[in-house]
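# Examination of the molecular architecture
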Amino acid sequence: MRPTPQPATLRSLVLGDGRPAVCVPLVARTASALGEAAGSLTRASYDLVELRVDHLTAVDDAEKVREAVAAVRAALPDDVPVLFTFRTKQEGGDRDITPEEYGDLLTRTIRDGGVDAVDVEMFTQPDIREAVVETAHHAGVVVVMSSHDFGGTPSRAEILSRLLQQQEHGADVVKLAAMPASPADVLTLLAATDDFRSGPGLVPAITMSMGPLGAASRLVGETFGSCLTFAAATADGASAPGQLDAAGVRAALELLHGASTTES
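In this text the structure is predicted, and so the values were computed from the model without any measurement. (Residues numbered from 1 in each chain as written. Predicted model: local features only at pLDDT ≥ 70, side-chain atom pairs only at ≥ 80, totals over all residues. Heavy atoms only, no water.)

Glancing now at the overall build of the protein. Counting its secondary structure elements, the protein contains 8 helices and 11 strands. Compactness check: the protein gives a C-alpha radius of gyration of 17 Å against a globular reference of 18 Å for 264 residues, within 12% of the reference. By its C-alpha atoms, the protein is 55 × 40 × 35 Å across when sized along the principal axes. Counting every position in the protein, which comprises 264 residues, the buried fraction comes to 52%. A fraction of 73% describes how many contacts in the protein between residues 6 or more apart in sequence connect residues 24 or more apart. Only carbon and sulfur atoms are counted for the fraction: they give 55% of the accessible area of the protein, which is about 11100 Å². In the protein, 21 side chains carry a positive charge and 36 a negative one; their mean positions are 1 Å apart. (Helix = DSSP H or I, 4+ residues; strand = E, 2+ residues; numbered from the N terminus. Rg over C-alpha atoms; globule rule 2.2 N^0.38 Å. Buried < 20%, exposed > 50% of the residue type's maximum accessible area, 1.4 Å probe, protein only. Contact = heavy atoms within 4.5 Å. Areas by Shrake-Rupley, 256 points an atom, 1.4 Å probe, with all protein chains shown as cover. Lys, Arg positive; Asp, Glu negative; His and termini not counted. Charge placed at Lys NZ, Arg CZ, Asp CG, Glu CD.)

Below you can see the structure in the form of structure tokens.
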């Protein structure tokens, strides 16, 4: 018998089946601006925030990173989780960083507290990846392990393989984003997501096709098995191509969720 997939809990938010959660990225460059952006969010349009510190000007200053986390946490309602992310340049982020600096930043932030989940790139140097995962689990912080492919969409088998590798590496939530070149690529990603969640996947999954062509994938997670979607709170607040307006996304997800739970 297949084991029951396990949800991931971040404060009052449970990631798993049902309506996908809406995550709003914060991409401001200073702690004060991040706090202002967090405080200006409309609570009804999102479920959690992603603190994208690769956009933080002083990310190499440990105290400035602490200030950024504290500013965001103080500006948010107590029930809103914070996902801490440094997206490396090779995975579509704002700046370069060495593997050692990346590991130090994540482990230090986990130990400092204030974040509920941490994004760990699956292609990080293995010993560093393992150390970050161990530190997070020891601290009770959820690990979202991720892979981003801006050059195209991997095959259905490769997408499933990556998600399974992330699960094996200790991910509490697996994540893959890819750039489609055709509608068929979007279908490939959705099919692979369903393969994972209806088959060997034991943890929640986040998947999306990026860019305008993949926008629909950000709305149909409940059908295909993606537990979360990223959406922009403002016109200049997107952290990846194809992110839609958060309020509109939340409304669409609620509409689709109502349809999925209505008896025919």
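Here the narrative resumes.
Attention now goes to the pattern of salt bridges. Following the criterion strictly, the structure yields 18 salt bridges and no others. Linking Glu 121 and Arg 87 is a salt bridge whose minimum nitrogen-to-oxygen distance equals 3.0 Å. Note that Glu 121 is positioned in strand E6 (residues 117–121) and Arg 87 in the loop between strand E5 (82–85) and helix H3 (99–112), a separation of 34 residues in sequence. The partner of Glu 254 in a salt bridge is Arg 250, with the nearest N and O atoms 3.5 Å apart. Of the two residues, Glu 254 and Arg 250 both sit in helix H8 (residues 246–261), 4 residues apart, roughly one turn of that helix. Residue classification places Glu 254 among the partly exposed positions, given a relative accessible area of 37%. Salt bridges here are not isolated pairs; linked through shared partners, they connect Arg 19, Asp 47, Arg 250 and Glu 254. (Salt bridge = Lys/Arg side-chain N within 4 Å of Asp/Glu carboxyl O.)

Val 49, Val 72, Leu 76, Phe 84 and Val 118 are the most contacted members of the largest nonpolar core, which totals 56 residues. The residues contacting Val 49, other than those within four sequence positions of it, are Cys 23, Val 24, Leu 26, Leu 41, Val 72, Leu 76, Val 80, Pro 81, Val 82 and Leu 83. Within the second largest apolar cluster, 19 residues are counted, among which are Leu 13, Leu 15, Met 208 and Cys 227. (Core = buried A, V, L, I, M, F, W, Y, C linked by side-chain atoms within 4.5 Å.)

Along the chain, Pro 154 falls in the loop between strand E7 (142–149) and helix H5 (156–168). Ignoring anything within four residues of it in the chain, the contact list for Pro 154 reads Asp 149, Ile 159, Arg 162, Ala 178 and Thr 188.

With respect to the secondary-structure elements, Leu 106 resides in helix H3. According to the relative accessible area criterion, Leu 106 is buried, its value standing at 0%. Once you skip the residues sitting within four places of it in the chain, Leu 106 turns out to touch Phe 84, Val 118, Asp 119, Val 120 and Val 132.

Moving on to H3. Between its first and last C-alpha atoms H3 spans 20 Å; for 14 residues at 1.5 Å apiece the expected length is 20 Å, and the two agree. The complete set of buried residues in H3 reads Tyr 102, Gly 103, Leu 105, Leu 106, Thr 107, Thr 109 and Ile 110. Residues of H3 that are buried make contact with helix H2 (62–75), E5, E6 and helix H4 (126–139). Positioned one or two residues after H3, Gly 113 has a phi angle of 85 degrees, which is positive. (Expected span 1.5 Å × (residues − 1).)

For any pair of aromatic rings, geometry is given as the distance between the ring centres together with the angle between the planes. In this structure the tally under the stated criterion is 1 aromatic pair. Where Phe 86 meets Tyr 102, the ring centres are 6.4 Å apart and the plane angle is 75 degrees; that geometry is what we call edge-to-face. Within this pair, whereas Phe 86 is found in the loop between E5 and H3, its partner Tyr 102 is found in helix H3, the two being separated by 16 residues in sequence. Accessibility expressed as a relative area gives 0% for Phe 86, which makes it buried. (Phe/Tyr/Trp six-rings, centres within 6.5 Å; stacked < 30°, edge-to-face > 60°.)

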